Amino acid sequence: MTFAIHGLAVARGIAIGRAVLVTSSRLDVAHYFLQPDQVAAEIVRVRTSRNAVIEELKRLQAELPREAPPELGALLDVHVQLLQDEALVSGVKHFIVDQRYNAEWALTAQLEIIARQFSEMEDEYLRERVADLEQVVERILRHMKGVASPVSPPPPVPSRRAGDPVLSEAAAAARVLVAHDLSPADMLHFKQSVFAGFVTDVGGKTSHTAIVARSLDIPAVVGTRSASQLVRQDDWVIIDGDAGVVIVDPPPMILAEYGFRQRQGALECERLARLLHTPAITLDGEKVALLANIEQPEDAAAALKAGAAGVGLFRSEFLFMGREGRLPGEEEQYQAYCRAVEGMQGLPVTIRTVDVGADKPLDRTPKEATHLNPALGLRAIRWSLADPAMFRTQLRAILRAAAHGPVDLLFPMIGAASEIRHTLALLDHARAELDNRGAPRGEPRVGAMIEIPAAAIMVRQFLRYFDFVSIGTNDLIQYTLAIDRADEAVAHLYDPLHPAVLRLVADVIAEANAQGKGVSVCGEMAGDTAMTRLLLGLGLRSFSMHPAQILAVKQEILRTDAASQVAWARDVVAAEDPASLI
Ligand code: PEP
Ligand code: MG
């Protein structure tokens, strides 16, 4: 049966493929695909853990004190039976062997299937066994924790089924990922696979999962609320990343229409590719720097391929995530930064110090253990300043990498002058540590992200300390409008064109230009072609965005006369309803 699910359009384009489901279990686990030669070991890993848990439960049962209520023994019995149940074991094996899911993913996927069957049962007793099932799976997962398998390439293509649409080989092989939520660390794992698109139940337009999806340049829809419940494994799905719609089990006519739109999109990309070597200069001769946002050193290749003039934002926190809390040391970070610097072949690289917290957790901390308001908590520079030794380790690694090419250093979420002084003192300390050691180092330019309203308001004073500022519009909008950027329930209020946001952006650009300091925008606003003319009119000459957005923004720049936008841009910022003038 065909049906449509609506969400938020976060990464443009059309994707058509079979659904791969990442289940919505409350158990938060890593998801990645196995190499063929890892499959056997993964099955052993689950079996060993399951057997160990059975032994553990039996031991518990044997050691139950006499006065323990009889229900307790019966409950442990139920748990042992669930663990021995063929449906669990064979289902998990199927996901590992046929889909090449890692063991944790396979377990939670099978848990979801059995839980669904239980919850549809008439018998109340059986319906209530879902909680027991979750508990035993949780026990197995706990047992397996720490025994991780490496990340790997795509899963095998499911075989054709009767009634499948007739598509080219490439189209028939396409898969789309449907999940309740994906952590940024999961997204990095999936980056190395070949999903044609993403759908998630939760998330806002600038949640970090959406940002990574955009950086992959594949269609994505987030905030659908229930897609992971409604879509089933292997369903045919169309993701319309322009409209924010997901069509499940489409009839041939709809498939043909979207196939046509997909080809149109590919043609548009080919047309834009012709601009690759054209310098980004406005009609009136203003040079504009188009820079790339990257998450990993390896992304430098995509940045170069898109014709970026450098990296305007290297989100270094992705080196810190999904490592079970074990932080990368100085040498490991240094190597990673060097790879980015070398990858950019002499073009500048702006490395932002670690920005964890909020929707970028370091580890898979259980939801209940996280701060109630993580976006307002110990995040970004606050986290770094709270652990000076860890922070200095990162600063030393960046300073050393700066000896290998042009590096700029960027601090996230600066909000107060005292924080700036504390930060710069630690930078001095890190420099001195390297000098004492005789280690070669560079002298990066130093900048601050302007992403808290307080920083935007104080920018005149704050600029005294910095060579440049970079406006993080994603957070600036979140904090100015008090809208959690990751919460789909308030996503309709997340408004880049809110007059308060525009005024702060305009003031920061004007103040930095007046002081002769560098200023760029590195939030999602920079890659939005609907905002290009306005930002040019406000005096912005440096934009940092996903590599995939660079050519479309360049096209806008080539068509714009910057001087003639100035008065209009002023009117837009002063308007009560700026959107009506855009
Ligand atoms: C921003 O806030 O606009 C930004 C670029 O940083 P991040 O999206 O990583 O928070
Ligand atoms: Mg930010």
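Residues numbered from 1 in each chain as written. Chains lettered and ligands numbered in written order. Predicted model: local features only at pLDDT ≥ 70, side-chain atom pairs only at ≥ 80, totals over all residues. Heavy atoms only, no water.

Points about the pairing of strand β7 (residues 236-240)
With five of its five residues buried, β7 lies for the most part within the structure. By the alternation rule, side chains of β7 split into W236, I238 and D240 and V237 and I239, which are all buried. One ladder, built from five bridges, connects strand β3 (residues 14-22) with β7; its direction is antiparallel. Within β7, the position partnered with A15 by the bridge is I239. Linking two consecutive strands that pair antiparallel, namely β7 and strand β8 (residues 245-248), is a turn of four residues; a positive phi of about 75 degrees is found at G244 within it. (Buried < 20%, exposed > 50% of the residue type's maximum accessible area, 1.4 Å probe, protein only. Helix = DSSP H or I, 4+ residues; strand = E, 2+ residues; numbered from the N terminus. Pairing = 2+ DSSP bridges.)

Some details on the site of ligand 1
Surveying the vicinity of ligand 1 reveals 17 residues, the closest of which are R315, R352, G472, N474 and R485. The side chain of D475 places a nitrogen or oxygen atom 2.9 Å from an oxygen atom of ligand 1. Considering ligand 1 on its own, with 290 Å² of exposed area, one finds that the protein chains cover 100% of that surface. With respect to the detected pockets, ligand 1 is housed in the second largest cavity. Looking at the shell around ligand 1, the elements that each hand over two or more residues are α9 (208-215), β10 (311-315) and α19 (473-481). Top element by residues in the shell around ligand 1 is α19. It accounts for three residues. Its residues placed into classes, the shell around ligand 1 shows four nonpolar, five polar and eight charged. (Near = heavy atom within 4 Å. Polar contact = N/O pair within 3.5 Å; in protein donor to acceptor, adjacent residues only side chain to side chain. Areas by Shrake-Rupley, 256 points an atom, 1.4 Å probe, with all protein chains shown as cover. 1 Å grid on protein atoms, 1.4 Å probe; cavity = no way out; pocket = protein on both sides within 12 Å on 5 of 7 lines; lining within 4 Å. Sits in = over half its atoms within 2 Å of the grid points. Nonpolar A, V, L, I, M, F, W, Y, C, P; charged D, E, K, R; others polar.)

As for the coordination of the magnesium ion (ligand 2)
E451 (OE) and D475 (OD) make up the full set of protein donors to the magnesium ion (ligand 2), lying at 2.0 to 2.1 Å. Note that E451 is positioned in the loop between β13 (445-450) and α17 (453-457) and D475 in helix α19, a separation of 24 residues in sequence. In this structure E451 comes out as buried when scored by relative accessible area, which is 1%. (Donors = N, O, S within 2.8 Å, 3.2 Å for Na, K, Ca; no water.)

Remarks on empty space enclosed by the protein
Where empty space is left can be seen by rolling a probe of water-molecule size over the atoms. With the rule as written, the count across this model stands at two cavities of 30 Å³ or more. Estimated volume of the largest cavity: approximately 130 Å³. Together, I43, V46, R47, R50, L88, V89, V92, K93, I96, L107 and I140 line the largest cavity. It is helix α3 (residues 86-98) that provides the largest number of residues to the lining of the largest cavity, a total of five residues. For the lining of the largest cavity, the residue count by class is eight nonpolar, no polar and three charged. The calculated volume of the second largest cavity comes to roughly 70 Å³. (Points joined across faces, edges and corners; volume = space filled by probe spheres on them.)

Considering the environment of V246
Structurally, the position occupied by V246 is in strand β8. For the pair V246 and V221, spaced 25 residues apart in sequence, the C-alpha to C-alpha distance is 7.4 Å.

Some details on the pattern of salt bridges
Where charged atoms of side chains with opposite charge meet at close range, the side chains can pair. All chains considered together, the criterion is met by 30 salt bridges. E42 is the partner of R45 in a salt bridge, and the nearest nitrogen-oxygen pair spans 2.9 Å. With R45 and E42 both in helix α1 (residues 39-62) and three residues apart, the pair spans about one turn of that helix. In this pair, the class of R45 matches that of E42, namely buried. Counted as one network, the salt bridges with shared partners bring together E330, E331, R392, R396, R400, E433 and R437. (Salt bridge = Lys/Arg side-chain N within 4 Å of Asp/Glu carboxyl O.)

Brief notes about the confidence of the model for the chain
Per-residue pLDDT for the chain averages 88, and the proportion of residues at 70 or more is 90%. The low-confidence segment residues 146-160, where pLDDT is below 50, has 43 contacts with residues more than four positions distant or belonging to other chains. (pLDDT = per-residue confidence, 0-100. Contact = heavy atoms within 4.5 Å.)

Observations concerning the sheet that holds strand β2 (residues 8-11)
Strand order in this open sheet of eight strands is β1-β8-β7-β3-β4-β5-β6-β2, and the pairing throughout is mixed. Since the sheet does not close on itself, it has two edges, and those belong to β1 (3-6) and β2, each with one partner. Taken over all neighbouring pairs, the strand axes of this sheet differ in orientation by 30 degrees on average, direction set aside. Pairing geometry for β3 and strand β4 (residues 175-179), over five bridges, is parallel. Residue pairing in the sheet places V22 in a bridge with A179 of β4. (Axes fitted to C-alpha atoms, helices over the stretch in contact; angles between N-to-C directions.)

Things to note about the packing of aromatic side chains
Going through the model one piece at a time under the given rule, you end up with eight aromatic pairs. Here F95 and Y101 contribute two aromatic rings whose centre-to-centre distance is 5.2 Å and whose plane-to-plane angle is 10 degrees, an arrangement assigned as stacked. Accessibility assignment for this pair places F95 and Y101 in one class, buried. Through successive ring pairs, a cluster of aromatic residues spans F33, F95, Y101, W105, F195 and F198. In this structure, R464 packs its charged tip against the face of Y465, placed 4.7 Å from the ring centre. The side chain of R533 reaches across the aromatic face of W568, ending 4.2 Å from its centre. (Phe/Tyr/Trp six-rings, centres within 6.5 Å; stacked < 30°, edge-to-face > 60°. Lys NZ or Arg CZ within 6 Å of the ring centre and 35° of its normal.)

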